[in-house]
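Understanding the architecture of this molecule
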Amino acid sequence: MTNAGTAVSMYERIGGAPTIERLVESFYARMDTLPEARTIRAMHAADLGPVKDVLKRYLGEWMGGPKLYSAERGHPRLRQRHLGFPIGNEERDAWLSCMRGALDETVADRGARAEIYELLARLADWMRNREDIPHDARNAR
Ligand code: HEM
């Protein structure tokens, strides 16, 4: 997430590492328990520890914090990394439902929350890879 024209990154705006930590914990706690997230939970390993760690690094960097994700994993190539998991509208909605709840719970700044959600919703949309979903790969970011 870029922050052109502003002095403060989104990362700083929401409270840095402790907020990212709480956000990701809440996100996966929801994925672990919400009935509508059962399908996407099943795509993940039994132990969510490692992926929690990766998502914390990723989101921190994405919001303008320390580059902990790319230092370890290189370019995100997120869509490519998700190709092994069948993601359609239902899976996207389940992911976003977990994320919305987690944002509401852990990010106090309502404006920041809305901005983050909107951008993540676009990313989640882009992550869909089922054959029945038309995508124009040339518009990929
Ligand atoms: C749209 C629905 C989505 C589903 C169903 C989904 C599912 C998954 C699954 C199953 C994994 C692998 C977990 C493992 O290794 O055990 C994963 C990894 C990951 N996901 Fe998603 N994901 C979705 C959207 C997103 C979005 C929108 C983001 C961006 C914030 C994201 C960020 C990541 C990251 C950073 C990883 C780790 C990638 C790596 O290995 O470097 N995912 N996801």
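Here, the structure is the one placed above.
Thresholds applied
Throughout this document, residue positions are counted from 1 along each chain, in the order its sequence is written. In view of the model being predicted, local features appear only for residues whose pLDDT reaches at least 70, and side-chain atom pairs are presented and counted only at 80 or more, with totals across whole chains, interfaces and linings using the full set of residues. Water and hydrogen atoms were dropped before computing side-chain values, which therefore reflect all heavy atoms in the structure. Secondary structure follows DSSP: runs of H or I at least 4 residues long count as helices, runs of E at least 2 residues long count as strands, and numbering of each begins at the N terminus. The buried label goes to any residue with under 20% of its type's maximum accessible area, the exposed label to any with over 50%, and the partly exposed label to all in between, with areas taken from a 1.4 Å probe on protein chains only. The method behind every accessible area is Shrake-Rupley, applied with a 1.4 Å probe, and residues are considered shielded solely by the protein chains displayed. His is not counted here, nor are the chain ends, while Lys and Arg score as positive and Asp and Glu score as negative. Think of each charge as sitting on NZ of Lys, CZ of Arg, CG of Asp or CD of Glu. With water omitted from the atoms examined, metal sites may look incomplete; donors here are N, O and S atoms no farther than 2.8 Å from the metal, or 3.2 Å in the case of Na, K and Ca. Only the contacting stretch of a helix is used when fitting its axis, a line to C-alpha atoms as for every element, and angles between N-to-C directions run 0 to 180 degrees. Angles below 35 degrees are treated as roughly parallel, those above 145 as roughly antiparallel, those between 65 and 115 as roughly perpendicular, and all remaining angles as oblique. Crossings are assigned a handedness: left-handed for a near helix turned anticlockwise from the far helix by less than a right angle, right-handed for a clockwise turn. Contacts were defined at the residue level, with two residues in contact if any of their heavy atoms lie within 4.5 Å. Proximity is defined per residue: any heavy atom of the residue falling within 4 Å of a molecule or strand makes that residue near it. In protein, a polar contact requires one atom able to donate a hydrogen and another able to accept it; more generally it is a pair of N or O atoms within 3.5 Å, and residues adjacent in sequence count only if both atoms are side-chain atoms. Amino acids are sorted into nonpolar (Ala, Val, Leu, Ile, Met, Phe, Trp, Tyr, Cys and Pro), charged (Asp, Glu, Lys and Arg) and polar (every other residue, Gly among them). For this analysis, a salt bridge means a side-chain nitrogen from Lys or Arg found within 4 Å of a carboxyl oxygen belonging to Asp or Glu.

The helix and strand tally for the protein chain stands at eight helices and zero strands. Seen in sequence order, the protein chain has helices and strands lined up from the N terminus as α-α-α-α-α-α-α-α. If you line up the protein chain on its principal axes, its C-alpha atoms span 40 × 35 × 30 Å. Evaluated residue by residue, the protein chain yields a buried proportion of 38% over its 141 residues. Accessible surface, the protein chain: about 8400 Å² in total, of which carbon and sulfur atoms supply 52%. Taking the average location of the 22 positive side-chain charges in the protein chain and that of its 21 negative ones, the two points are 2 Å from each other.

This part is about unusual backbone geometry. Its identity as a non-glycine residue notwithstanding, R77 has a phi of 40°, on the positive side. Here R77 lies in the loop between α5 (68-73) and α6 (78-82). R77 sits in the partly exposed class, given a relative accessible area of 37%.

Another aspect to go through is the coordination of the iron atom of the ligand. Its sole protein donor being H82 (NE2), the iron atom of the ligand sits 2.0 Å from that atom. Within the fold, H82 resides in helix α6.

Orientation of helix α2 (residues 17-33) relative to helix α7 (residues 89-106), taken along the N-to-C sense of each, is 140°, at an axis distance of 8 Å. In terms of orientation, α2 lies oblique with respect to α7. Where α2 crosses over α7, the handedness of that crossing is right-handed. Taking contact as the criterion, the partners of T19, R22, L23, S26, F27, R30 and M31 in α2 are, on α7, W95, C98, M99, G101, A102, L103, E105 and T106.

Here we come to the site of the ligand. Contacts to the ligand come from 23 residues, most closely from H44, Y69, R73, H82 and W95. With respect to the ligand, the side chain of H82 contributes an N or O atom lying 2.8 Å from a nitrogen atom. Measuring from a nitrogen atom of the ligand, one finds a side-chain N or O atom of W95 at 3.4 Å. Mapped by element, the contributors of at least two residues to the shell around the ligand are α3 (38-43), α4 (49-62), α5, α6, α7 and α8 (110-126). In terms of residues, the shell around the ligand owes the most to one element, α4, which gives five residues. Here the shell around the ligand is composed, by residue class, of 17 nonpolar, two polar and four charged.

Let us now look at the pattern of salt bridges. Inspection of every chain in the model, using the stated rule, returns 16 salt bridges. Measuring nitrogen to oxygen at the nearest pair gives 2.7 Å for the salt bridge that ties R41 to D32. Residue classification places R41 among the buried residues on the basis of a relative accessible area of 15%. Between R92 and D93 there is a salt bridge; the shortest N-O distance is 3.0 Å. Through salt bridges with shared partners, a single ionic network connects E21, E25, K52 and K56.

Keep in mind these numbers describe shape, not what the thing actually does.
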